Structure formats: C-alpha cells, structure tokens
Amino acid sequence: MTAKDAPPPLPEPLLVPVADSHTHLDMQSGTVEEALTKAAAVGVTTVVQVGCDIKGSQWAAETAAAYENVYAAVALHPNEAPRIVLGDPDGWSRQGAREAGGDAALDDALTEIERLAALPYVRAVGETGLDYFRTGPEGMAAQERSFRAHIEIAKRQGKALVIHDREAHADVLRVLDEEGAPERTVFHCYSGDAEMAEICAAKGYYMSFAGNVTFKNAQPLRDALAVAPLDRVLVETDAPFLTPAPYRGRPNAPYLIPVTVRAMAAVRGIAEEELAEALAVNTARAFDY
C-alpha cells in the first residue's frame, strides 16, 4: 500500500458528537462495523448511508435496519436515470454495460425506490437531482423526470429529500420551485456560492458541507458557509470521495468528519463545540431521528 492509498490517521475526537450526513459505506474498504467503530472513537456517532441505484439503495435500507446508528437514504442518482432509460454501453457504472430500458424501466426502478422509501429506517429520498458534469444533453430529460418523481416520493412518504447538484444550480432550484420542495430538503455536498446560499436559506433548505470546503480553490464554498444560517448547516464526508485537506486524494471515511468540522468552525469564527452542537441538532432535525 502506498502512502497515497493509506487511510489517514484518526483525528483528535470531537467533544460534542456529530453525524456524517452523507456517506457511501458500500464503496469504502473494510466492514461496516470497522467504519462505525472508528467513527464513534472520534465522536461521529451517527451516519446516513446513501444509495445511488437500486442495489445500493436496497443495501442502504438493510444496513440501516441492522445498525442502530445508521439511517438510510434511497434513490437513483441523477447519472443513473439516463443509464436506465438510454442504456450504458461503456458500462461505466458499477453494474457494467446495460441495455436501454426506456421509460418503462425507469418507472419500475422508481416503484422500487418508493417501496424502500416507505421503510422506517429510511429517512430520506436521495441522492437525486441533476448532474450536467457527467451526463450530456441527451440524458437531461431522463434526469429531470427522475428528479421530479423523487420529489413526489419524498413528499408522499414524508421523508427528507437529498439533492445532488453538479453544475446544474439554476435548473435544480427551478425544479424544486415547480414541484414544491419537501419540508426537509438537503443540498448534499453543497457546491453553490454565497448568493445561492442566501436563496437556499430563504427557502429553508439545508446545506451540507463536505471535505472540499477545505480545498485551496474552494473560497466560494467558504463564502457560502460564512453566510448560511447556523441552523441550516450540516457536515458530511461523501466518503470515499472528497477527503479533506491535508489528506486530499487518500480514501475518505466517516471518522475524518472532525477535520472538516474544525475547518468549518474556523470559517464561521466559532468554537468547534458550538458548531458541533448545531450540526448534531440540525442533522437529527433534517433526517427526523
């Protein structure tokens, strides 16, 4: 194992326990028990496990049922919807190459997401939204149809909505306005600027910040964090992705949350305990646990 693949060391524990509001344990090395034990050792006592496709969402629901401190979010990721409808000849996703299934296949997949969303340990529908970085114009219609359906599922089931918004800010906000956002809506890995943070704040949306808030080139994110209302801010890893500095490029995991919390507290100019307390309360409110 090279230094680049080596897991970063455990940070100093937080004095006030917090939750990782968005993680992918199924994409991380080691067992769920190991991940939860390491996280708890540094004060990360709750995690929200997020599904990105049918298999991953089923796994998230099962894992949340099996572990007291795990809650699930279930959805078809924005990049998953076009793969279901149009097929995936390159097999870029975890399922490998796929035939085009058309709208009927998307409807079937959404029916299964709704079944999972009704389960008690599933506290959110997500990550859903729009991604113009990886999906070209040909996939936009499928993405938007899927996003609208997920909003409806979240409202019918009384669950939070977790949004993936990549290079699609205006359209994500437009669809939420057109459909009517659920009572609890979370922008996962918030990627907008301060101006967008003010729009989200006015609408009562939660903004979840990930390890990229620590990156050198992320001043617009820090500006957004500085103006976001303290009662609307969450923290997440999006592990195994977006490992905070100084460990960028190495595998991320829930136990690294304290690194991001400390960076966020510095941006806000408040004590880490004060921020951690707000994060813990906000995450429990957002995900209704």
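Conventions we followed
- Residues numbered from 1 in each chain as written.
- Predicted model: local features only at pLDDT ≥ 70, side-chain atom pairs only at ≥ 80, totals over all residues.
- Heavy atoms only, no water.
- Helix = DSSP H or I, 4+ residues; strand = E, 2+ residues; numbered from the N terminus.
- Rg over C-alpha atoms; globule rule 2.2 N^0.38 Å.
- Buried < 20%, exposed > 50% of the residue type's maximum accessible area, 1.4 Å probe, protein only.
- Contact = heavy atoms within 4.5 Å.
- Lys, Arg positive; Asp, Glu negative; His and termini not counted.
- Charge placed at Lys NZ, Arg CZ, Asp CG, Glu CD.
- Pairing = 2+ DSSP bridges.
- Right-handed = clockwise from strand over helix to strand, strands pointing away.
- 1 Å grid on protein atoms, 1.4 Å probe; cavity = no way out; pocket = protein on both sides within 12 Å on 5 of 7 lines; lining within 4 Å.
- Points joined across faces, edges and corners; volume = space filled by probe spheres on them.
- Expected span 1.5 Å × (residues − 1).
- Arc of directions from axis to C-beta.
- Phe/Tyr/Trp six-rings, centres within 6.5 Å; stacked < 30°, edge-to-face > 60°.
- Lys NZ or Arg CZ within 6 Å of the ring centre and 35° of its normal.
- Patch = residues over 30% accessible without salt bridge, like charges linked within 9 Å, V, L, I, M, F, W, Y side chains within 5 Å.
- Areas by Shrake-Rupley, 256 points an atom, 1.4 Å probe, with all protein chains shown as cover.
- Salt bridge = Lys/Arg side-chain N within 4 Å of Asp/Glu carboxyl O.
- Core = buried A, V, L, I, M, F, W, Y, C linked by side-chain atoms within 4.5 Å.
- Axes fitted to C-alpha atoms, helices over the stretch in contact; angles between N-to-C directions.

Trainee: How should the overall build of the chain be read in this particular structure?
Mentor: A tally of regular secondary structure across the chain gives 10 helices and 8 strands. For the chain, whose C-alpha radius of gyration is 18 Å, the value lies close to the compact-globule estimate of 19 Å for 289 residues. Scored against the burial criterion, the 289 residues of the chain give a buried share of 55%. Sequence separation of 24 or more characterises 71% of the internal contacts of the chain that already satisfy a separation of 6 or more. Side-chain charges in the chain split into 26 positive and 42 negative, and the spacing between the mean points of these groups amounts to 2 Å.

Trainee: I would appreciate a short explanation of the pairing of strand E2 (residues 44–50) in the present structure.
Mentor: Successive residues of a regular strand alternate their side chains across the two faces of the sheet. Buried residues dominate E2, accounting for 6 of its 7 residues. Of the pairings in the sheet, the one linking strand E1 (residues 18–23) to E2 comprises 4 bridges and is parallel in character. By the bridge assignment, Asp20 is partnered in E2 with Val47. Read from E1 through helix H1 (residues 32–41) to E2, the crossover connection turns out right-handed.

Trainee: Before we go on, may I ask you to explain the layout of surface pockets in this structure?
Mentor: Rolled over the atoms, a probe with the dimensions of a water molecule shows which regions are left empty. Here the largest pocket defines a volume of roughly 940 Å³. His77, Asp131, His164, Arg166 and Asp238 are, among the 33 residues lining the largest pocket, the residues nearest its centre. Listed by contribution, the elements that provide at least two residues to the lining of the largest pocket are helix H3 (80–86), strand E4 (122–131), strand E5 (160–166) and helix H8 (219–227). By residue number, the principal contributor to the lining of the largest pocket is E5, which donates 3 residues.

Trainee: Before we go on, may I ask you to explain helix H2 (residues 54–66) in this structure?
Mentor: Every α-helix carries 3.6 residues per turn, so stepping three or four residues along brings you back to the same face. End to end, H2 covers 18 Å across 13 residues, agreeing with the expected 18 Å (1.5 Å per residue, within 8%). Along H2, the residues classified as buried are Gly56, Ser57, Ala60, Ala61, Thr63 and Ala64. In a view along the axis of H2, the buried residues occupy a sector of 165°, so they form one face of it. H2 presents Lys55, Glu62 and Ala66 as exposed residues on the side facing more than 90 degrees away from its buried surface.

Trainee: Even after reading the chapter, I still don't get the packing of aromatic side chains, so can you show me in this structure?
Mentor: The geometry of two aromatic rings is summed up by the distance between their centres and the angle between their planes. Applying the stated criterion across every chain yields a total of 3 aromatic pairs. Aromatic side chains Tyr71 and Tyr289 sit 4.5 Å apart centroid to centroid with 15° between the ring planes, which places their arrangement in the stacked category. One end of the pair, Tyr71, is in strand E3 (residues 70–74); the other, Tyr289, is in the segment after helix H10 (272–287), with 218 residues separating them in the sequence. For Arg166, the ring lying beneath its charged end belongs to Phe133, and the centroid distance is 3.6 Å. Across from the ring centre of Tyr206, 4.6 Å away, lies the NZ or CZ of Arg232, which sits over that ring.

Trainee: What am I meant to see in a negative patch on the surface here?
Mentor: On the surface, a cluster of negative charge is made up of Asp193, Glu195, Glu198 and Asp223. Within the fold, Asp223 resides in helix H8.

Trainee: Looking at this structure, how should I read the nonpolar core?
Mentor: For soluble globular proteins, the rule of thumb is that nonpolar side chains tend to be buried together. Residues Phe147, Leu176, Phe187, Tyr190 and Met264 are the most contacted members of the largest nonpolar core, which totals 71 residues. Among the elements that take part in this core, helix H4 (residues 102–117) stands out by supplying 6 residues, more than any other. Ignoring any residue separated from it by four or fewer positions in sequence, one finds Met264 in contact with Phe209, Val213, Leu225, Val233, Leu234, Val235, Leu275 and Leu279. In terms of nonpolar packing, the next biggest core, distinct from the first, is built from 11 residues, Ala73, Ala160, Val186 and Tyr206 among them.

Trainee: What am I meant to see in the sheet that holds E4 here?
Mentor: Backbone-to-backbone hydrogen bonds pair the strands of a sheet. The strands run either parallel or antiparallel. Taken in spatial order, the 8 strands make up an open sheet running E1-E2-E3-E4-E5-E6-E7-E8, and their pairing is parallel. Two strands close off the open sheet at either side, each with one partner strand: E1 and strand E8 (233–235). Adjacent strand axes in the sheet meet at a mean angle of 30°, parallel and antiparallel pairs treated alike. The strands touched by helix H5 (residues 140–157) are E4 and E5; relative to E4, the strand with the most contacts, the crossing angle is about 160°.

Trainee: Help me understand the pattern of salt bridges in this model?
Mentor: One pass over the full model with this rule turns up 16 salt bridges. The salt bridge involving Arg115 is made with Glu112; its shortest N-O contact spans 2.9 Å. Placement of the pair is Arg115 and Glu112 together in helix H4, with a separation of 3 residues, close to one helical turn. For the salt bridge of Asp177 with Lys203, the shortest nitrogen-to-oxygen distance reads 3.1 Å. With Asp177 in helix H6 (residues 169–179) and Lys203 in helix H7 (residues 194–203), the pair connects residues that are 26 residues apart, well separated along the chain. Residue classification places Asp177 among the partly exposed residues on the basis of a relative accessible area of 46%. In this structure Lys203 comes out as partly exposed when scored by relative accessible area, which is 38%. One continuous salt-bridge network, built from bridges that share partners, spans Glu144, Arg148, Asp171, Arg174, Glu178 and Glu179.

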